[in-house]
Amino acid sequence: MPARGLIRARVAEISPPLIRQQFPLMLSYDAIIIGAGHNGLVTACYLARAGLRVVVLEGNPYIGGATVSRELYPGFTYSNCSYVCSLFRPEIFRTLDLPRYGLQVIPYEGSVTMTRDGGYFASFVDHDANRREISRFSKRDAENYDRFSHEMSRQCRFIKKFLLTTPPDPTSFKWRDLKDLASLGAAFYDLGETQMYDTIRFYTMSCADLLDQYFESDVIKGVIAGSSIIGTALGPYSPGTAYVMLHHYMGEVDGTIGAWGYARGGMGSIATALANALQAHGGEVRVNAEVNDVIVKDGRVCGVALKDGEELHAATVASNLDVKRTFLNIMDERDLPAEFVRRVQRFKIRGSSGKLNIALDGMPSFPQIPENCPARRGDMHITDSMERIERAYDDWKSGTWSKDPYVDMLIPSQIDPTLAPPGQHMMSVFVQYAPPRLASGDWTDADRDAFGSTVVDAIGAYSPDFKDRIRHMEVRTPRELEAEIGLTEGNIFQGELTLDQLMFNRPVPGYAQYRSPVEGMYLCGSSTHPGGGVMGAPGANAAREILRDLGRKDGQL
Amino acid sequence: MKSVRYDAIVVGGGHNGLVCANYLARARQRVLLLEAADQVGGAAATESFAPGFRVSSCAHLVYLFDPSISAELKLADHGLVWSAVDLPSVALSQERAVLSISSDPTLSAGEWMSGEHKRFDALMARMTRFASVLQNLYTRVPPRLRNRRGDIVALVQAAWRIRRLGRDDMRELLRIAGMNIADLLDDELNDDRLKGMLAFDAVLGTRLGPRAPNTVFTWLHRLVSRAPAAHGGIMHPLGGVGALCDALSRSAQAAGVEIRTGARVESIMCDADRVTGVRVADGEEIGARQVISNADPQQTLLSLLGARELDTEFVRRVRDVPMAGTAAKLHLAIDDLPTFVGVDPEQARGRLVIAPNIDYVERASNAIKYGEYAPQPVIEITIPSLHDSTLAPPGKHVLSAIVQYAPYTLRAGWGAHRDEFADCVIAVLAEYAPDLPDKIVERQLLLPVDIEQRYGMTGGHWHHGELGLERFWMWRPTPGAAQYQMPVEGLFLCGAGCHPGGGVMGLAGRNAARAVLATARP
Amino acid sequence: MNEPHYLQPLLPTPFHSRTQAACCTALWSGWAGYQSARCYTHVEFEYFAARNQATLFDLSPMIKYRIAGSDSLPYLNRLMTRDVGKLAVGRVAYTVWCNDVGKVLDDGTLFRLDDNEYLLCAQDRHLPWLQDSAIGFDLEVEDVSERFAALALQGPTSYAIVQRMGFDDLMSLRPFGWRRVKYRGAELIVSRTGFSGDLGYEIWSAPDQAESLWDDLMAAGADFGLMPMGSDALELLRIEAGYLLPNADFMPADHATRASRGRSPFELGLGWLVDFNKGHFVGRRALQAERAGSGRYTFVGLDIDGNKPAHESLIYHRRRELIGHVTSAMWSPTCKRNIAIAELQAGREAMLDDLWVEIYLKKELKWEKLMVRCRVVPRPFFDPPRRLATPPAAY
């Protein structure tokens, strides 16, 4: 790409205000970000901090994308897409000073799983309480849990270094790629021989094989395997799910690796804090501004056209939309190489999850869990074994929602007083699995309601008064996720987290460094490395690459 | 210490053991090969299962046997004759015409969708290039991830071979290596029959379904046969797969290997972290500087050697190798040729595959996860007597079928369900060959548990342990044991449990011999 | 007392009613999942009682494994680095065990109870490792921690106290020996072992006898200055005795996130526990390779100028080059020296004559950095003849 060097030189020589003077009508902004999801906002913040004039265009009347809180029923705030916070990179938190802009993250206390036989398994932050809890199922597992945790922290320690870095292209002989590959190699070599083998194997093995090495109790394995399939169109027996589990472990709250927390006020608080930070740096957010087209001239991006026909111009456009929506919907295929388009078409983005958001007029009872058990305030699950989860996945494969779903339930209003009126509660139920399309065809409203009933019945079997306490319920299948916030096929990670779509393969081999075949056009959403979850890392990485292309060394992370 | 009589003892006369012993003898080592059964061959055997009917008991075709080994060991001179080469693969279908493909694309026939032929050829051409990279790795002892010159050179060479594919191919290889076969086939092809058959090829001998990641790798493993350096094609030795081992055995003896059958090795002896020899069932102790085991890793290390001589973490790793087989074998003695609907006589000589589409294969694979057998199994059928008259009385035939998925342990217990499963398989066969059931004279079902018992392969797994991306090369059978040499000095593995895995290939045996010889001259 | 584990994660020991009554400070800590008193009255009193009279320390949280079966001896010889075959019935051995790469997993004491029966006591839990190490052996490994209540009776008058208790036959009990003694119609095990580096005994009883045993010992010890002692004072005793503590002086290899954090017995100065002539044991090949080359670290005792304890200090050669760090440190009131246990990089013998310790010291809320000279001295720092005297005197 010889042209880029030229452009970069030009932009570097002419500072943004100068460009505006020369082309007063053409360039309304230095950078346009399409989509006000958390990653888009992160990119915008970093660019604004570096002095660029930035606008974020959001099609919906509210910001946040899937990082959103909405009052869908009077008095109740729903985090109606993403619902917990752990992966958000602490470096971004600090650099953008988000606490100053109103973000508070509160860790939650463990989790609890209800089993078919009327029992429960809880996990606790306290090591001894946790060990004794596991001992109820297996003394050996209780001790092996420490071994397992050590292995997970080794994996987290290794991967953490690469979350806020741009993946090097292994096919490239460019100095930068070679250097980055070498430093990846050095970090890898530093693990020591045995750990090197184990790390590679970890990325290719199934969660079930991994857990079988450590545990004998089906319940313990089932409980842990839950995080290996969240948002994923795979079962715990599928190779590659050990990595998905790591993807859910590598977050942290206040330095505690693997901890999860609530954003006070719902997940939308993250988006709000980012928007506040952006505005403080002079950036702009426009809602109800759906982008219809990305305008490309002579192989270079020069702005966007909104649905209402308005055109906005900028030499840099970053899309927070997923790779398919970006390149197949709002861009013209003729502006892109055919091979690239083909690869984008083949990007795997099947949704696998549904969501219920429920307003409750009181705390539902869960007779299986002791009344005074603090783990009730964390996430609650229903499962008995990896097999039960795997069977739920079999339903997905055959094009139907799981008849016995795996659910991740939370009642965050127990510790966040801002979410529901006193004494009443907001409940979030994440459901695995729900296919993007049913065997019978596309989802219909009737299908959606039947899916909702399946889940409510599943929970009702463990909570006798649950159904009676429901005052309002929002049921979301992959169809609703796509229609409302534009996650193609309802995939919460903007693309499946399998080895063929990670690191330098994400989203498309050769285009994993946030750039696209069109000059000035970037991706900054979860379709890029390191992938989904409310992490912010794709956004930050994209911003760094944009600034690099603009010849800015400042604004570094 | 007892006096050392042999340089090397090879435990087990499977094809890899025979190959390994042969190469050692050619390097002027004094080699003794001990085989528990009355004939060599292990699971690569031809056995009689009904009066006058003989069949290849496990593998019933040869894809992967390395041609350079054939040449170096002069197997043709020792009686190896192929009764058929380049057999076609035929995808059976109930709704549509059958689809036949062979390694020679011009022979492809049947009803092709427009352009599908081209797409298929392009895909195979690319996959063949990738398989060549793999084939090259397969012929070498895997390196270790450590700071030694030889290891670094080997790693750089492997990386260079991938780089040399060119940027596009390299990117594609790095992308699809960990991918699932279903997505790859859906991306590249349209024909359900074709996709079903290829998906079947990818999951054959594994516990995975086509939607499971890593199945592109297992497909590549089979495609190694298409690499230019490999032979390319599906072959059948005259006299069944056992005939290959007979030739190997004659070649080995000619090279000076002493072969003793009926000699079951009971334990591998060692002293102060060094192998001293073996003890056979009658109590005789035979000394040797090196012992090379063709038995599977678990059996070799945990039973023959014993965990006591090993370290705990290593024992854990060996214990954790998934060893449960998933494929059963059904042998039918038939008094007349059955009519597979739509299959012409030329096609019938080949391998007939019942895997009509990807979803069918995927559904079949669900069962194995829960310790059940697949009620609608995927099946690979051969009727070797069509081109090999040594296997059945004149006018009669042998049908040999690989049936997947059959668990090692059936949750309900195999006892009463064994016949039920066989009936189930025959019912599926009858859907494609309605006249088959009436022609069956005798039937034999070999479940993984039977294969374990007959051939001493733990779990009855063809590959001596699950093969997959997480268990190949430096990871096969497990890190710390992937270079054929075991932690105890002088002990080596040479079976399918090691790199490059199973499928009658012979490379594990030759690589192991190289590893043995490398330590012999330090 | 009987709250569920999620409300009260730490269990009481069988002595809880007594230790709680005796504990005036409300200072408790968790030890292997049990409540353990850090200090009953005053650390200094308890420390001096242990060096001058005798103290009673609740040892019950110690994890205990019973290993029994015909393969016990070969199993333990494969597990441990030292030759367990040399351990006779009635004797106790200090031992370490390693992982495959020869790094120490933990240390402990091993009691040979009978020909084919052993008791292994360790600070930490190791059931999976012990069980997985038993693959291929005929024996049983069982966690019997809850079957024992244990007390450490340590100090110069400890022999006088066991005599007063009426425990016969302990006169001839040598260090690292154990005997069964009759007590209130049952049997106790008394071993001449301990973590204090002084004359002392450890007493192992059934949990239901714990309270009476405590009461009887305290009564028997009344005339000999016996008092309960908490873990803070014990920490001082063990440093003076030069004993290493896992998670303080070294990282148990299986807890380490970084592979380089594991330490071999040689690196810990425990090479004398490694016997290459007994056949295979876990880590043997790695340790043999290490012996042939050289370890990366070495453990030393330090005598440091001044009287400010060198907690968590870095060690420099000629005040400049960083060559190690202190793992445990204290002012030793008995030796009247400022002592420390430290890990230095190996192969720096030439530098041992010019070592400096960097000590950060808070003086009335103001921090100061001291560079203080230190010398390598042999361990143990305190090793009185009475520790080994058999028969022991009444002192």
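Here the structure is a predicted model, which is why all the values come from computation and not from measurement.

Rules behind the numbers
- Residues numbered from 1 in each chain as written.
- Chains lettered and ligands numbered in written order.
- Predicted model: local features only at pLDDT ≥ 70, side-chain atom pairs only at ≥ 80, totals over all residues.
- Heavy atoms only, no water.
- Helix = DSSP H or I, 4+ residues; strand = E, 2+ residues; numbered from the N terminus.
- Rg over C-alpha atoms; globule rule 2.2 N^0.38 Å.
- Buried < 20%, exposed > 50% of the residue type's maximum accessible area, 1.4 Å probe, protein only.
- Lys, Arg positive; Asp, Glu negative; His and termini not counted.
- Salt bridge = Lys/Arg side-chain N within 4 Å of Asp/Glu carboxyl O.
- Contact = heavy atoms within 4.5 Å.
- Buried area = accessible area lost by both parts, 1.4 Å probe.
- Nonpolar A, V, L, I, M, F, W, Y, C, P; charged D, E, K, R; others polar.
- Polar contact = N/O pair within 3.5 Å; in protein donor to acceptor, adjacent residues only side chain to side chain.
- Domains from an automatic or database assignment.
- Pairing = 2+ DSSP bridges.
- Axes fitted to C-alpha atoms, helices over the stretch in contact; angles between N-to-C directions.
- pLDDT = per-residue confidence, 0-100.

**With respect to the overall build of chain B**
- Summing up its helical and strand segments, chain B has 17 helices and 19 strands in all.
- The C-alpha atoms of chain B give 22 Å as radius of gyration, which agrees with the globular expectation for 522 residues (24 Å, within 12%).
- Dimensions of chain B along its principal axes, counting C-alpha atoms only, are 70 × 60 × 50 Å.
- For chain B, with 522 residues in total, the buried portion stands at 66%.

**Quick look at the side chain of Arg376 of chain A**
Residues and elements named next belong to chain A.
- Tracing the chain through its elements places Arg376 in the loop between strand S16 (353-360) and strand S17 (379-382).
- Of the side chains bearing the opposite charge, Glu371 lies closest to the buried Arg376, which forms no salt bridge; the N-O distance is 4.1 Å.
- Discounting residues that sit within four places of it in the chain, Arg376 has contacts with Val112, Met363, Phe366, Ile369, Pro370, Glu371 and Gln414.

**A closer look at the interface of chain C and chain A**
- If you look at the interface, chain C gives 24 residues, while chain A gives 22 residues.
- Summed over both sides, the interface of chain C with chain A buries roughly 2000 Å², with 51% coming from carbon and sulfur.
- Of all residues in chain C, the largest losses of buried area upon contact with chain A belong to His5, Tyr6 and Thr257 of chain C, amounting jointly to 33% of the total for that side.
- Counting the contacts that link chain C with chain A gives 2 salt bridges.
- The partner of Asp132 of chain C in a salt bridge is Arg140 of chain A, with the nearest N and O atoms 2.9 Å apart.
- Sorting elements by how many residues they give to the side of chain C that touches chain A places helix H4 (residues 127-132) of chain C first, with 4 residues.
- Split by residue class, the side of chain C that touches chain A holds 12 nonpolar, 7 polar and 5 charged.

**Overview of the interface of chain B and chain A**
- Each partner contributes to the interface: chain B provides 40 residues, whereas chain A provides 42 residues.
- Put simply, chain B and chain A have 13 salt bridges between them.
- A salt bridge links Asp209 of chain A to Arg207 of chain B, with the shortest nitrogen-to-oxygen separation between them at 2.6 Å.
- For the pair chain B and chain A, the number of links is 24 residue pairs in polar contact (both at pLDDT 80 or more).
- Of all the secondary structure elements, the ones that give two or more residues to the side of chain B that touches chain A are helix H5 (167-176), helix H6 (181-188), helix H11 (312-319) and helix H13 (358-369) of chain B.
- The element contributing the most residues to the side of chain B that touches chain A is H5 of chain B, with 6 residues.

**Details of the domain arrangement of chain B**
Residues and elements named next belong to chain B.
- For chain B, the assigned domains are domain 1 (6-48 + 64-83 + 236-322 + 458-520) and domain 2 (120-226).
- A C-alpha centroid distance of 26 Å is found between domain 1 and domain 2.
- Listed by partner, the interface residues are 26 residues for domain 1 and 27 residues for domain 2.
- Together, the buried faces of domain 1 and domain 2 total about 2200 Å²; carbon and sulfur atoms form 69% of this surface.
- The interface formed by domain 1 and domain 2 holds 2 salt bridges in total.
- Between Arg207 and Glu466 there is a salt bridge, with its nearest N and O atoms 3.7 Å apart.
- The tally of links between domain 1 and domain 2 comes to 10 residue pairs in polar contact (both at pLDDT 80 or more).

**A word on unusual backbone geometry**
- Between His529 of chain A and the following residue, Pro530 of chain A, the backbone shows a cis peptide bond with an omega angle of 0 degrees.
- Examined against the element boundaries, Pro530 of chain A turns out to sit in the loop between strand S21 (521-523) and helix H19 (537-549).
- The peptide bond linking Thr390 of chain C to Pro391 of chain C adopts the cis configuration, its omega dihedral lying at -5 degrees.
- Among the secondary structure elements, Pro391 of chain C is positioned in the segment after strand S19 (366-377).
- Even without glycine at this site, Arg318 of chain C takes up a positive phi of about 50 degrees.

**A word on the sheet that holds strand S18 (residues 406-410) of chain A**
All names here are of chain A.
- Across the sheet, 7 strands lie side by side as S7-S6-S17-S18-S19-S16-S20; this open sheet has mixed pairing. A strand with exactly one partner marks an edge of an open sheet, and here the two such strands are strand S7 (120-123) and strand S20 (470-476). Neighbour-to-neighbour, the strand axes of the sheet open up by a mean angle of 20 degrees, direction not taken into account.
- Both S18 and strand S19 (residues 425-432) contribute to a ladder of 5 bridges, which runs antiparallel. By the bridge assignment, Asp408 is partnered in S19 with Phe430.

**Some points on the pattern of salt bridges**
- A complete count under the given rule lists 112 salt bridges over all chains for this structure.
- The salt bridge involving Asp361 of chain A is made with Arg469 of chain A; its shortest N-O contact spans 3.2 Å. Within this pair, whereas Asp361 of chain A is found in the loop between S16 and S17, its partner Arg469 of chain A is found in helix H17 (residues 466-469), the two being separated by 108 residues in sequence.
- Residue Asp394 of chain A pairs with Lys369 of chain B through a salt bridge whose shortest N-O separation is 2.7 Å. With Asp394 of chain A in helix H15 (residues 386-397) and Lys369 of chain B in helix H13, the pair connects residues from two separate chains.
- Given a relative accessible area of 11%, Asp394 of chain A falls into the buried group.
- Put simply, Glu339, Arg342 and Arg343 of chain A together with Arg126, Arg129, Asp169, Glu172 and Arg175 of chain B are held in one network by salt bridges that share partners.

**A short note on the confidence of the model for chain B**
Residues and elements named next belong to chain B.
- The pLDDT averaged across chain B works out to 93; a share of 96% of its residues lies at or above 70.
- Of all secondary-structure elements in chain B, the lowest mean pLDDT belongs to strand S8 (residues 109-110), at 52, while strand S19 (residues 491-493) reaches the highest, 98.
- On the interface metric, ipTM, the complex scores 0.95, and its pTM is 0.95.

**Considering the environment of Ile200 of chain A**
- Following the sequence through the fold, Ile200 of chain A ends up in helix H8 (residues 193-204).
- Among the residues examined, Ile200 of chain A registers a relative accessible area of 34% and is labelled partly exposed.
- Sequence separation of Ile200 of chain A and Pro367 of chain A is 167 residues, and the distance between their C-alpha atoms is 43 Å.
- Other than its neighbours up to four places away in sequence, Ile200 of chain A contacts Phe188 of chain A together with Trp475 of chain B.

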